[in-house]
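Coordinates in review
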Amino acid sequence: MSNPITRRRLLWSVPVILIAVAGVGVAKMMQPPPADLDLSLAKPTDQGLYTAAVEPGLSPIAVGTMHGWVVSITTPDGTPVETAEITVDGGMPQHGHGLPTEPEVSANLGGGRYQIEGMKFNMPGWWVVNLAVDGPAGPDTVTFNIVL
Amino acid sequence: MRASTLLLAALIAGSATATYRAISPKTNWTDEEARLVLSLGLSKLPPLPADPSNAVADDPRAAELGKALFFDTRFSANGKVACGTCHLPDRQFQDDLARAKGVGVTARRTMPIAGTAYSPWLFWDGRKDSQWAQALGPLESAVEHGTDRAFIAHLIETHYADQYAALFGPLPSLADVPNHASPTGLGPVLDDWMALDDTRRDAVNRVFANVGKAIAAFERTITPRPSRFDAYVDALAAGKDTVGLLSLQEEEGLRIFVGKGECTKCHNGPLLTDNFFHNTGVAAVPGLPEDQGRSLGTDQVLADPFNCLGPYSDADPGDCAELKYLAKAGHEMTRAYKPPSLRGVAGRPPYMHAGQIATLGDVLVHYNTAPAAPDGHSELEPLNLTSTELASLEAFLVSLDPISTEAQP
Ligand SMILES: [Cu+2]
């Protein structure tokens, strides 16, 4: 089960750093997302403990449609992490709100792949999806950016 | 290209239409604006989503029974109230009142029904998760129909037994069921429910749920009608000439709607609602009990025995993703309400969940000034639009009126 305090901190620390780095002030709405947003769907986790890759089950992701994601976790040398605990959080940094749903891992698909259900984005614009990954190497976090 | 520039050009050329054509409508929108505008057109509306929780959702016989029930005033405490009393077919299935009048007066405004089959959540606070579960609410509300589920089951037995049996199988025996009984009732109505055994309670609940399922089958046929705006979007999508489909003012209003008005944050997609919940700082109505909006609605829908995961749902648990992954109520959901579809909105004042705002113009003033919420936190920020811009925005909203005013269905 996820700890609400950790979830909250996760949700806000990452975007705040991103905003600071991108040099934009906090949130006048309807502004375009930062130009240099990293939109990659595979990347090392923040402390480099794992590599995380996500495959949204809907392509392109449509505003307002519930769907699932598959997350793959490996060690930096590419070995699948079979026993990760993953929690999901997210929101719109420019609007100051979270996800309209509470997605969860619904199945360990094996081979370091995990099924996440309950993903939904109810507005056009820039979204962040934060994963907290706890595996053999310890806890780490990673943020994916989505622009709808 | 801004409308002011266009207007200037129009004045010089002496005819707005001719100038507009010359400027080429295709280059009139930025890519981002065009993307948003196109996403709002009715032709982007997907086919009706299946309702796995309702096995008769798409059965025409159920829709026919549901239609009869929808307009049957016998299903009320005083014999005068039907769903159609508040949801008038020739008035977009609403009643033009700030607060509805049934057996008593409701605390909220009647919502239009078109397109609600697309919404995962029903009511202003989303305390129901399907059209059929929603329909059960007003029947037992003391201020709407003022009846109870035992009474409803008996009425079905008396007036609709054959139609019912054809859809759901023979009615259970109601011989030992008192005239009035419900777990949501008061006094003797509750006492009589408590006195029923589980088998009879279940039988009554099942008939009650099936009444909702038939009504829902009818409501699924109530869909939004095309507007002038949709004709404009279709032309834009096809790369055709959009001249004359919207006026310059309406077009400018549309630009504000998808742009600095920030309306598509919440009023997005072909129904112009995200079907989620937002606190927009609408005033509380003095004298009414405290209204917490979605924060109470989440608890209620999770506890509802008629929800997608309950014993009267026809869905597999795997089909209940909305309920399963529902965001638990936090501070964000205090006094948060479902944005109504803006289709046809100009033709149905007053506005907001208890009719707090009388005119469309005043609604736009509300958005422009973004007053603080009476409780919780408003998601709005002042827009500081000029009065000309507000007038354009209002003109655009009028273009969302259905072209045909013919009653449906
Ligand atoms: Cu947002």
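The following refers to the structure shown.

About the cut-offs
- Residues numbered from 1 in each chain as written.
- Chains lettered and ligands numbered in written order.
- Predicted model: local features only at pLDDT ≥ 70, side-chain atom pairs only at ≥ 80, totals over all residues.
- Heavy atoms only, no water.
- Helix = DSSP H or I, 4+ residues; strand = E, 2+ residues; numbered from the N terminus.
- Rg over C-alpha atoms; globule rule 2.2 N^0.38 Å.
- Buried < 20%, exposed > 50% of the residue type's maximum accessible area, 1.4 Å probe, protein only.
- Contact = heavy atoms within 4.5 Å.
- Phe/Tyr/Trp six-rings, centres within 6.5 Å; stacked < 30°, edge-to-face > 60°.
- Pairing = 2+ DSSP bridges.
- Disulfide = S-S within 2.5 Å.
- Salt bridge = Lys/Arg side-chain N within 4 Å of Asp/Glu carboxyl O.
- Axes fitted to C-alpha atoms, helices over the stretch in contact; angles between N-to-C directions.
- Buried area = accessible area lost by both parts, 1.4 Å probe.
- Nonpolar A, V, L, I, M, F, W, Y, C, P; charged D, E, K, R; others polar.

1. What to know about the overall build of chain B
A tally of helices and strands in chain B yields 16 helices and zero strands. Taking 2.2 N^0.38 as the reference for a compact globule, 409 residues should give roughly 22 Å; the C-alpha atoms of chain B span a radius of gyration of 23 Å, in line with that estimate. Taken over the C-alpha atoms alone, chain B extends approximately 85 × 45 × 40 Å along its principal axes. Counting only residues that meet the buried cut, chain B has 53% of its 409 residues in that class. Across chain B, the fraction of contacts at a sequence separation of at least 24, relative to all contacts at a separation of at least 6, is 72%.

2. What about the packing of aromatic side chains?
Evaluated as defined, the whole model comprises 14 aromatic pairs over all chains. Taken together, a centroid distance of 5.2 Å and an interplanar angle of 65° make the contact between F121 of chain A and W127 of chain A edge-to-face. An identical accessibility class is assigned to F121 of chain A and W127 of chain A; each is buried. Their ring planes at 70° and their centres at 5.0 Å tell us that F70 of chain B and F71 of chain B sit as a pair that is edge-to-face. Given the relative accessible area of 1%, F70 of chain B is considered buried.

3. A few points about the pairing of strand β4 (residues 85-92) of chain A
Residues and elements named next belong to chain A. Burial within β4 is extensive, with six of its eight residues counted as buried. Where β4 and strand β5 (residues 97-98) come together, two bridges link them in antiparallel fashion. Bridge assignment links G91 to a residue of β5, and that residue is G98. Once β4 ends, the chain turns through four residues before running back antiparallel as β5, passing G96 with a positive phi of about 75°.

4. Notes on the state of the cysteines
All names here are of chain B. Tallied over the entire structure, the rule returns one disulfide over all chains. Disulfide pairing is shown between C308 and C320; the S-S distance is 2.1 Å. Note on the C308 and C320 pair: the S-S dihedral is about -75°, so by sign convention the disulfide is left-handed. Here C320 lies in the loop between α13 (294-303) and α14 (321-324) and C308 lies in the loop between α13 and α14, a separation of twelve residues in the sequence. Here C308 falls in the buried class, since its relative accessible area comes to 13%. Counting only cysteine sulfurs, C263 is the nearest neighbor of C266, a cysteine outside any disulfide, at a range of 9.1 Å. The buried category is assigned to C266, whose relative accessible area is 14%.

5. A few points about unusual backbone geometry
Put simply, S59 of chain A and P60 of chain A share a cis peptide bond, and its omega is -5°. Looking at the element boundaries, P60 of chain A is found in the loop between β2 (51-56) and β3 (67-74). Put simply, P349 of chain B and P350 of chain B share a cis peptide bond, and its omega is -5°. Of note, P350 of chain B is situated in the loop between α14 and α15 (360-369). Located in the positive-phi region is E262 of chain B, a residue other than glycine, with phi close to 60°. The residue E262 of chain B is located in the loop between α12 (248-258) and α13 in this model. The buried category is assigned to E262 of chain B, whose relative accessible area is 9%. The residue N275 of chain B is not glycine, and still its phi comes out positive at about 55°. Relative to the helices and strands, N275 of chain B is located in the loop between α12 and α13. Classification of N275 of chain B as buried rests on a relative accessible area of 12%.

6. Points about the pattern of salt bridges
On inspection of all chains with the given rule, the structure shows 23 salt bridges over all chains. Measuring nitrogen to oxygen at the nearest pair gives 3.2 Å for the salt bridge that ties D38 of chain A to K43 of chain A. With a relative accessible area of 37%, D38 of chain A lands in the partly exposed category. The exposure class of K43 of chain A is buried, given its relative accessible area of 12%. The salt bridge partner of K128 of chain B is D304 of chain B, with a shortest N-O separation of 3.0 Å.

7. As for the sheet that holds strand β1 (residues 42-44) of chain A
Strand pairing in a sheet relies on backbone hydrogen bonds, with the paired strands running either antiparallel or parallel. All names here are of chain A. Judged by pairing direction, the sheet is antiparallel, and its five strands sit side by side in the order β1-β2-β3-β7-β6 without closing on themselves. Where the open sheet ends on each side, the last strands, each with one partner, are β1 and β6 (104-110). Taking each pair of neighbouring strands and ignoring which way they run, the sheet shows an average axis angle of 25°. Summarising the sheet, β3 and strand β7 (residues 113-119) pair through five bridges and their orientation is antiparallel. Bridge pairing in β7 links H67 to M119.

8. Regarding the interface of chain B and chain A
Many authors give the size of an interface as the accessible area that is lost as the parts come together. Taken together, the contact pairs 23 residues of chain B with 24 residues of chain A. Together, the buried faces of chain B and chain A total about 1900 Å²; carbon and sulfur atoms form 55% of this surface. The largest share of the area that chain B buries against chain A comes from E262, K265 and Y325 of chain B, three residues that together contribute 37% of it. The interface formed by chain B and chain A holds two salt bridges in total. The shortest N-O distance in the salt bridge between K120 of chain A and E322 of chain B comes to 2.8 Å. Taken together, the residues of the side of chain B that touches chain A break down into ten nonpolar, four polar and nine charged.

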